[in-house]
Amino acid sequence: MGRSTTSKDAQALFHSLHSAYASTPTNLKIIDLYVMFAVVTAVIQVVYMAIVGSFPFNSFLSGVLSCVGTAVLAVCLRIQVNKENKEFKDLPPERAFADFVLCNLVLHLVIMNFLG
């Protein structure tokens, strides 16, 4: 009896999440895919390091921090571009994207400096 209820609850949860996400604007879905790509790339790098080793540890650290930092900046972009967010209603999307690009530039300059 407990498994049936749990299964129905899980199905109801997935159905409600799917129906809510279906109404999400396309530009936010694209940002979500970018975030997912950055996180998956970081996970692949960690798995590769676990299998092969981390001989140039600075390179491994730079790659993972680049992916994680880019994902965090993309989440910040998503928050600022979202029309339902009342906190950034006066911020134009172009300004948010310019901030995203500038912060990514600074992030990757720091990462390149860390590589040596």
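All figures in this text were calculated on a predicted structure; none of them were measured in a lab.

1. A word on the nonpolar core
Piece 1. If you look at the biggest cluster of nonpolar residues, it comprises 12 residues: Leu28, Ile31, Val35, Ala38, Ala71, Leu73, Ala74, Leu77, Val81, Leu91, Ala96 and Phe100.
Piece 2. With five residues, helix α3 (residues 57-81) is the largest single contributor of residues to this core.
Piece 3. When neighbours within four sequence positions are excluded, Ala96 is seen to be in contact with Leu77, Gln80, Val81 and Leu91.

2. Some words on the side chain of Ser66
Piece 1. Within the fold, Ser66 resides in helix α3.
Piece 2. Residue class for Ser66 comes out buried when judged on its relative accessible area of 14%.
Piece 3. Within the structure, Ser66 has its side chain in polar contact with the side chain of His108 (distance 2.9 Å).
Piece 4. Ser66 has contacts with Leu107, His108 and Ile111, leaving out every residue within four places of it along the chain.

3. A few points about the packing of α3 against helix α4 (residues 93-115)
Piece 1. Closest axis-to-axis distance for the α3/α4 pair is 10 Å, and the angle between their directions is 170°. Taken together, the axes of α3 and α4 are roughly antiparallel relative to one another.

4. Quick look at the packing of aromatic side chains
Piece 1. Inspection of the entire model under this criterion finds three aromatic pairs.
Piece 2. When the centroid spacing of 6.3 Å and the interplanar angle of 80° are considered together, the rings of Tyr34 and Phe100 count as edge-to-face. Note that Tyr34 is positioned in helix α2 (residues 26-52) and Phe100 in helix α4, a separation of 66 residues in sequence.
Piece 3. On the basis of relative accessibility, which here comes to 12%, the residue Phe100 falls in the buried class.
Piece 4. Taken together, a centroid distance of 5.7 Å and an interplanar angle of 45° make the contact between Phe57 and Phe60 tilted. Here Phe60 and Phe57 lie together in helix α3, a separation of three residues that amounts to about one turn.

5. Overview of the pattern of salt bridges
Piece 1. Within the structure shown, the criterion is met by two salt bridges.
Piece 2. Residue Arg78 is joined to Asp32 by a salt bridge in which the shortest nitrogen-to-oxygen separation is 2.5 Å. Remark: Asp32 occurs in helix α2 and Arg78 occurs in helix α3; sequence separation between them is 46 residues.

6. Brief notes about the UniProt feature "transmembrane region" (unreviewed entry) in the protein
Piece 1. Using the residue numbers shown here, the UniProt feature "transmembrane region" (unreviewed entry) corresponds to residues 33-51, 57-77 and 97-115.
Piece 2. A distance of 27 Å separates the end C-alpha atoms of residues 33-51, which is 100% helix and 0% strand.
Piece 3. What you have in residues 57-77 is 100% helix and 0% strand, and the ends, taken at the C-alpha atoms, are 30 Å apart.

Parameters and conventions
Residues numbered from 1 in each chain as written. Predicted model: local features only at pLDDT ≥ 70, side-chain atom pairs only at ≥ 80, totals over all residues. Heavy atoms only, no water. Core = buried A, V, L, I, M, F, W, Y, C linked by side-chain atoms within 4.5 Å. Buried < 20%, exposed > 50% of the residue type's maximum accessible area, 1.4 Å probe, protein only. Helix = DSSP H or I, 4+ residues; strand = E, 2+ residues; numbered from the N terminus. Contact = heavy atoms within 4.5 Å. Polar contact = N/O pair within 3.5 Å; in protein donor to acceptor, adjacent residues only side chain to side chain. Axes fitted to C-alpha atoms, helices over the stretch in contact; angles between N-to-C directions. Parallel < 35°, antiparallel > 145°, perpendicular 65-115°, else oblique. Phe/Tyr/Trp six-rings, centres within 6.5 Å; stacked < 30°, edge-to-face > 60°. Salt bridge = Lys/Arg side-chain N within 4 Å of Asp/Glu carboxyl O. UniProt positions renumbered as here; feature names shortened; annotations may be inferred.

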